Amino acid sequence: MHDPSTRASYVETPQRTSGRLAMMGYERFMAPLAALFYPFWLDGFHFCIERLKIASAVSAAMLFPSALALLALAVATPAIAGLAAARLARAELKSTAQLRAARVAFLAVAAVPIYTFIGVLCYMASVSALDKWIVSALWIVAIVLVAAPGDERLSSRALPASSRPRLTHRVLGVAITIFVLAHVANHLFGLVGPSAYMGVMKALRHVYRFPFLEPALPLIFLSTAASGGFLAWRASARRMDGLRAFQLASGIYLFFYIVSHLNAVFVLARSYLKIDSDWDFATGAPMGLIQDPWSARLIPHYAWAVFFALGHVFAAIRTNLLARGASRAWADGMLFWGSASGALITLLILLGMCGLRLSLV
C-alpha cells in the first residue's frame with residue numbers, strides 16, 4: 001500500500017528538480033564526512049577538558065568555549081547526516097549512484113552507535129587505540145562508494161513493503177515502547193541522584209528480569225531491529241518527504257543502538273567485566289561521562305538514543321494517522337511537539353547522567 005507520508009506537499013517543477021540534483025553534487029558527501037570527523041571532535045573535546053584542569057584563567061576562557069564547540073560538533077553528527085539524507089531522499093532517485101548516496105547518508109546517521117559498538121569490541125580485544133581508525137576506514141570506504149560512478153538507471157521497482165515484516169515490527173514495537181518508556185522514566189530519576197535511580201531500577205527489574213521475560217527481551221529487541229532494518233532498506237529506495245526521512249533515520253540509528261547496547265550489557269558488562277549494568281556502568285564511574293576520554297562518546301550515544309526512540313514512536317503514529325485520513329497539519333504537528341518533548345526529556349536525562357542534581361526538599 002502506498003505510504004501517504006511520501007506524497008509531496010508541493011508542486012514539483014523542473015527547476016526544483018534540477019536544483020536539488022545539482023545540490024546533490026556536494027550534499028552526498030556531507031553525511032559520511034560528518035561521520036568521519038565524529039571521533040576526532042570527541043578527542044578534541046577531551047583534550048580541552050584535560051587542559052582545563054591545569055589552565056590559567058586566561059587559557060580557561062578559551063578552552064571552555066572550545067570544549068563546548070567541539071562537543072556540539074560531535075553531538076550534531078547525526079543531525080548533519082540526517083539533514084543530508086532528507087535532502088537526498090526528497091529527490092527522485094534515478095540512478096544507482098543517487099540511491100547509494102542516500103543509503104550512505106542514512107547509515108551515517110548511526111555513526112554514533114557504530115563508533116560505540118566498535119569501541120566496545122576493541123576494548124574487549126585490548127586494542128582500544130584502534131577504534132577511531134577502524135571507523136575512519138569505514139567512512140573513507142563509504143566516501144569512495146559515494147564518489148564512484150553509477151549512471152545506470154534504477155530498474156522500475158515499486159518495492160511494496162511486505163505486510164508480514166511490517167506487522168511484526170509494529171507488534172514488537174508496541175512491546176518495546178512500553179519497556180522504553182519505563183526505562184526513560186527510570187533515567188529521569190538520575191536528576192535526584194544515583195540512589196533514586198537504583199531504587200526505581202531495582203523495582204522495575206522485578207518485572208523485566210522475570211525468569212520468562214528476561215531471556216525474551218533481547219530476542220524481542222533484535223527481532224524488532226531486524227524487521228525494521230529490512231523495512232528501512234526497502235523504504236530507502238523510495239522518494240520521501242522530510243518527516244518520513246526522519247522516521248527512517250531514527251529507525252536506522254535505533255537499529256545500531258540496539259545492537260551496541262545489547263552487546264555492552266550482555267557481553268561487556270555481564271560476560272567480560274562480570275559487573276552489573278547499573279548507574280556506575282552507564283555513567284562511566286568513577287570519572288564520569290565528561291572526564292573519561294572513552295566514556296565521552298556516550299554523551300551523544302545516549303542523547304540521540306532517547307530522542308530518536310521517542311521521536312520514532314511519534315513518527316510511526318503520524319504515518320498511521322495519515323493512512324487513516326487525518327489532516328497532514330494535525331499529524332505533522334503531533335510529530336513536531338512529540339519530538340520537542342522528547343528533546344526536553346533527553347536534555348534532562350543527560351544532565352542527570354553528567355552530574356546535575358535536583359533537590360526535592
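Here, the structure is the one placed above.
Sequence positions are assigned chain by chain, starting from 1 and proceeding in written order. For a predicted model such as this one, the threshold for reporting local features is a pLDDT of at least 70, and the threshold for listing and counting side-chain atom pairs is 80 or more; totals across whole chains, interfaces and linings nevertheless cover every residue. Hydrogens and waters are ignored; side-chain quantities use all the structure's heavy atoms.

Draft legend 1. Representation of the nonpolar core within the structure. The nonpolar core is taken to be a set of buried Ala, Val, Leu, Ile, Met, Phe, Trp, Tyr and Cys residues, with the residues joined through side-chain atoms within 4.5 Å. The buried label goes to any residue with under 20% of its type's maximum accessible area, the exposed label to any with over 50%, and the partly exposed label to all in between, with areas taken from a 1.4 Å probe on protein chains only. Grouped together as the largest cluster of nonpolar side chains are 82 residues, with contacts concentrated most on Phe 106, Trp 139, Tyr 253 and Phe 308. Comment: elements are numbered from the N terminus, with helices defined as DSSP H or I runs of at least four residues and strands as E runs of at least two. The biggest single contributor to this core is helix α13 (residues 298-323), with twelve residues. Excluding anything up to four places from it in sequence, Phe 106 contacts Ala 85, Ala 89, Met 240, Ala 245, Leu 248, Ala 249 and Ile 252. Here a residue-residue contact requires only that any non-hydrogen atoms of the pair lie within 4.5 Å.

Draft legend 2. Quick peek at the pattern of salt bridges. Take a side-chain nitrogen of Lys or Arg and a carboxyl oxygen of Asp or Glu: if they are within 4 Å of each other, that pair is a salt bridge. Inspection of every chain in the model, using the stated rule, returns eleven salt bridges. Note that Asp 131 is salt-bridged to Arg 297, the shortest N-O span being 3.0 Å. In this pair, Asp 131 is assigned in helix α6 (residues 131-147) and Arg 297 in the loop between α12 (288-291) and α13, connecting sequence segments 166 residues apart. Taken as a pair, Asp 131 and Arg 297 share a single burial class, namely buried. Each member of the salt-bridge network shares a partner with another, and the members are Arg 205, Arg 209, Glu 214, Arg 270 and Asp 276.

Draft legend 3. Molecular detail of unusual backbone geometry. Here the amide bond leading from Ala 285 into Pro 286 is cis, since omega sits at 5°, within 30 degrees of zero. Within the secondary structure layout, Pro 286 lies in the loop between α11 (279-282) and α12. Despite not being glycine, Ser 126 has its phi angle at roughly 60°, a positive value. Tracing the chain through its elements places Ser 126 in the loop between α5 (111-124) and α6. Judged by its relative accessible area of 61%, Ser 126 is exposed. With a phi angle near 55°, Lys 274 is a residue other than glycine that sits in the positive phi range. Along the polypeptide, Lys 274 turns up in the loop between α10 (242-273) and α11.

Draft legend 4. Main features of α10. The angle between axes fitted to the seven-residue stretch ending at a residue and the seven-residue stretch beginning at it gives the bend at that residue. The largest bend along α10 reaches roughly 30° and is located at Ala 264. N-cap assignment for α10: the residue whose side-chain oxygen lies 3.3 Å from the backbone N of Leu 243 is Asp 241. Whenever a nitrogen or oxygen atom comes within 3.5 Å of another N or O atom, the pair is scored as a polar contact, on the condition that within protein one atom can donate a hydrogen and the other can accept it, and that pairs from neighbouring residues in sequence are kept only if both atoms are in side chains.

Draft legend 5. Just the environment of Arg 205, in detail. For Arg 205, the location among the structural elements is in helix α8 (residues 194-208). For Arg 205, a relative accessible area of 12% gives the class buried. When near neighbours in sequence (up to four residues on either side) are disregarded, Arg 205 contacts Phe 210, Asp 276 and Ser 277. Among the polar contacts made by the side chain of Arg 205, one reaches the side chain of Asp 276 at a distance of 3.0 Å. A polar contact is formed between the side chain of Arg 205 and the backbone oxygen of Ser 277, at a distance of 3.4 Å.

Draft legend 6. View of α8. The span you would expect from a helix comes to 1.5 Å times its residue count less one. For α8, built from 15 residues, the straight-helix expectation of 21 Å at 1.5 Å per residue is met to within 8% by its first-to-last C-alpha distance of 20 Å. When we look at burial in α8, the residues that qualify are Ala 196, Tyr 197, Met 198, Met 201, Arg 205 and Tyr 208.

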